[in-house]
Amino acid sequence: MNDVVSKLLTLFHQYKVTASLSGHVGQGHLRIHPLLDLAQTDVKSNLHPLAEAVYSTILRYGGTISSEWGTGMLKSQFLPQQFPHLFPLFREIKETFDPQYLLNPGKVIPRGTHWINHLRHGLEKRGRKLSGSGVVINRPSSNGTSTSPLLAGELPREMPSQLEIQLRWEPSYVFESAYQCNGCGECLRFDRESRICPLFRGTATIEFAPRSKADLLRGILEKDIDLDKLVGERAKAIADTCFQCRMCDIECASQIDISLLAFRSKAAYVAAHGLPLDDLIVSRLDNVLNLLTPVNVLFNAAMRNRFMRWLFEKMFHISQGRTMPALTSRPFLHRVRWSAWRHCLSPEQTEKERVALFVDTYVNHFDPQLAEVAVQILEHNGFSVHIPVRQQTSGLRSFAVGHADRAERLARHNINRMSDLIRQGYKIITIEPSSASCLTKDYRHLLDHQESEMMAENVLDFCSLLLRHYRAGKLQEDFQSVPYRVGYHAPCRGLAISGSLTIDATPAEKLLNLIPELEVERIERGCCGMSGLWGAQQKNYRHSLHIGTPLFRALRQPEIDFGVSDCNACCLQMAHGSRKCALHPIQLLAVSYGFLPLSALER
Ligand code: SF4
Ligand code: SF4
């Protein structure tokens with residue numbers, strides 16, 4: 001190993017290349033990563049002789065070039081050196097069983113294309129200008145009013161005008177994101193330690209993988225794929241396979257924001273064709289629920305009837321397999337004015353820590369009691385709570401279906417409402433991590449405003465706030481015992497906010513662990529498969545259940561009394577799949593503080 005490493009270092013020195021070497025020394029296993037700027041065209045002329053020199057050094061010392069990741073498109077052309085006698089036999093077997101080279105093209109037994117042309121960053125294309133009809137795209141300035149040119153030489157200065165008109169991309173960001181994908185395949189994993197990518201795992205279809213979304217956009221930016229294809233059904237089908245769980249944020253090796261790329265692809269389709277009816281309902285769910293609220297009794301009765309659910313599926317594409325939670329007669333934001341919480345209507349000047357509650361659609365329309373006990377817990381812990389009743393839904397679902405105009409309108413509205421409060425010293429508290437993630441991450445891509453940055457810095461989800469309070473020694477710990485064993489599922493977007501999948505315990509888990517006699521078992525079986533309304537749509541229902549099956553199985557274990565998750569959509573899915581009730585941690589805290597009876601856990 002010593003000799004090989006020193007020979008390799010001499011080679012890199014000779015070719016003026018910096019490289020990183022890592023590996024498992026005990027096994028004699030070495031990972032070699034030369035650090036090359038593929039945008040530089042002279043790299044191409046050096047790369048082939050360098051690769052030949054490196055591989056022949058390794059083979060001379062009795063090593064193998066296949067090792068950890070096998071032999072893909074880039075190494076296959078060097079395989080005859082490794083197997084000089086056997087390689088003709090490999091080729092004969094290939095040509096007997098796959099004469100057209102259809103299976104795994106380019107791998108192990110290469111044909112035609114030189115390996116350099118398989119490099120993902122297309123050496124010539126990376127530096128080339130995308131001219132189209134010649135519209136120069138400028139980078140929006142931070143206040144969104146004036147523009148400044150993209151950095152020279154760094155990114156293409158020109159893009160097809162159609163892109164600009166239809167997509168309103170910030171091209172530098174989209175371009176950078178698409179190019180950051182190095183094809184490593186980390187997003188094609190099936191092991192339990194990982195969650196990326198729920199849809200790819202559930203279907204084992206390569207087009208559903210995060211890499212495919214990056215490939216699609218890169219293909220369009222490089223003009224390998226016609227721009228028209230971006231607004232076609234095929235591209236829409238690929239983009240639709242991202243339900244914005246944001247696991248890419250933490251698990252993609254290059255931390256590419258794939259959900260943003262998918263959103264931009266969907267938005268392109270919507271700009272060209274309009275929103276399909278099922279996506280329109282998803283995007284405008286809050287409006288639909290406002291219309292249904294006056295007839296909630298009829299609606300709830302209809303949703304208990306199988307025929308009506310079938311009709312509902314035919315008309316609105318919401319799966320008849322889903323049982324809807326009961327719609328409230330008065331949404332939380334409407335009832336505040338006439339409830340015990342009306343003192344929360346105006347911001348207060350007080351020495352107390354001030355928080356403004358963001359409730360979002362589910363809690364507002366289906367579970368107002370959850371918001372009420374959240375206020376009780378906050379006040380019990382000395383917070384001054386304000387409920388801004390003119391807040392609107394976060395827009396998470398509009399973002400999910402590519403309804404960019406609406407998502408942007410909602411973001412602008414909420415940011416305008418909340419930024420005044422933030423300037424007065426308020427923190428914005430969400431009940432679910434998915435809302436926090438939308439307010440902090442998604443808004444940043446919709447609006448290039450100082451306010452969206454300010455919002456991102458001042459939004460916290462409920463459990464994170466209370467945990468922070470606990471660590472400051474200010475949490476009221478007058479908890480009563482709750483003698484149950486619960487299975488806790490960490491929602492994907494919550495993990496994405498925490499920045500780690502392997503986090504020991506989420507804020508919700510840490511808080512629940514403070515409750516006497518409550519046993520909390522973390523169930524790490526990947527995504528639940530619901531993702532807001534995605535899993536309720538008829539077209540996704542089966543995939544959704546398939547993705548959630550490992551979690552359902554774990555929850556069905558007899559020693560687990562019920563499920564817990566800080567995302568209400570996850571709770572619905574957990575209850576649906578396990579036939580046990582699933583609750584929000586706020587409900588358990590409320591029971592333990594005595595704000596809800598113990599029987600509330602047995603609903
Ligand atoms: S993990 Fe990220 S960088 Fe690697 S192939 Fe997937 S999308 Fe590309
Ligand atoms: S955000 Fe989630 S669903 Fe979308 S590509 Fe990434 S892992 Fe898959």
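First, a word on scope: everything that follows refers to the structure included in this document. (Residues numbered from 1 in each chain as written. Chains lettered and ligands numbered in written order. Predicted model: local features only at pLDDT ≥ 70, side-chain atom pairs only at ≥ 80, totals over all residues. Heavy atoms only, no water.)

### A closer look at the pattern of salt bridges
Pairing is possible between side chains that carry opposite charge, provided their charged atoms lie close to one another.
Here is step 1 of the chain: Counted according to the given criterion, the structure contains 26 salt bridges.
Here is step 2 of the chain: Where Glu 408 meets Arg 412, a salt bridge forms, and the shortest distance between an N and an O atom there is 3.1 Å. Of this pair, Glu 408 and Arg 412 both sit in helix H22 (residues 404–423), four residues apart, roughly one helical turn.
Here is step 3 of the chain: Since its relative accessible area comes to 33%, Arg 412 is described here as partly exposed.
Here is step 4 of the chain: With a shortest N-O distance of 3.2 Å, Asp 442 and Arg 493 are connected by a salt bridge. One end of the pair, Asp 442, is in helix H23 (residues 433–446); the other, Arg 493, is in helix H26 (residues 492–498), and 51 residues separate them in sequence. With respect to class, Asp 442 is no different from Arg 493; both count as buried.
Here is step 5 of the chain: By sharing partners, the salt bridges in this structure join Arg 246, Asp 249, Asp 257, Lys 441, Asp 442 and Arg 493 into a single network. (Salt bridge = Lys/Arg side-chain N within 4 Å of Asp/Glu carboxyl O. Helix = DSSP H or I, 4+ residues; strand = E, 2+ residues; numbered from the N terminus. Buried < 20%, exposed > 50% of the residue type's maximum accessible area, 1.4 Å probe, protein only.)

### Regarding the environment of Met 530
Here is step 1 of the chain: By secondary structure assignment, the location of Met 530 is in the loop between strand S12 (519–522) and helix H28 (541–555).
Here is step 2 of the chain: Taking the relative accessible area as the measure of exposure, Met 530 reaches 4% and is therefore buried.
Here is step 3 of the chain: C-alpha separation for the pair Met 530 and Asn 568, spaced 38 residues apart in sequence, amounts to 10.0 Å.
Here is step 4 of the chain: Each residue touching Met 530, except ones within four places of it in the same chain, is listed here: Arg 322, Gly 535, Ala 536, Ser 544, Ala 569 and Gln 573. (Contact = heavy atoms within 4.5 Å.)

### Brief notes about helix H30 (residues 585–593)
Here is step 1 of the chain: For H30, the buried fraction is high: nine of the nine residues fall into the buried class.
Here is step 2 of the chain: Within the span of H30, buried status applies to Pro 585, Ile 586, Gln 587, Leu 588, Leu 589, Ala 590, Val 591, Ser 592 and Tyr 593.
Here is step 3 of the chain: For H30, the secondary structure elements touched by its buried residues are helix H20 (368–380), helix H25 (462–471), helix H27 (507–512), strand S13 (562–564) and strand S14 (582–583).
Here is step 4 of the chain: Phi turns positive one or two residues past the end of H30, at Gly 594, with a value near 90°.

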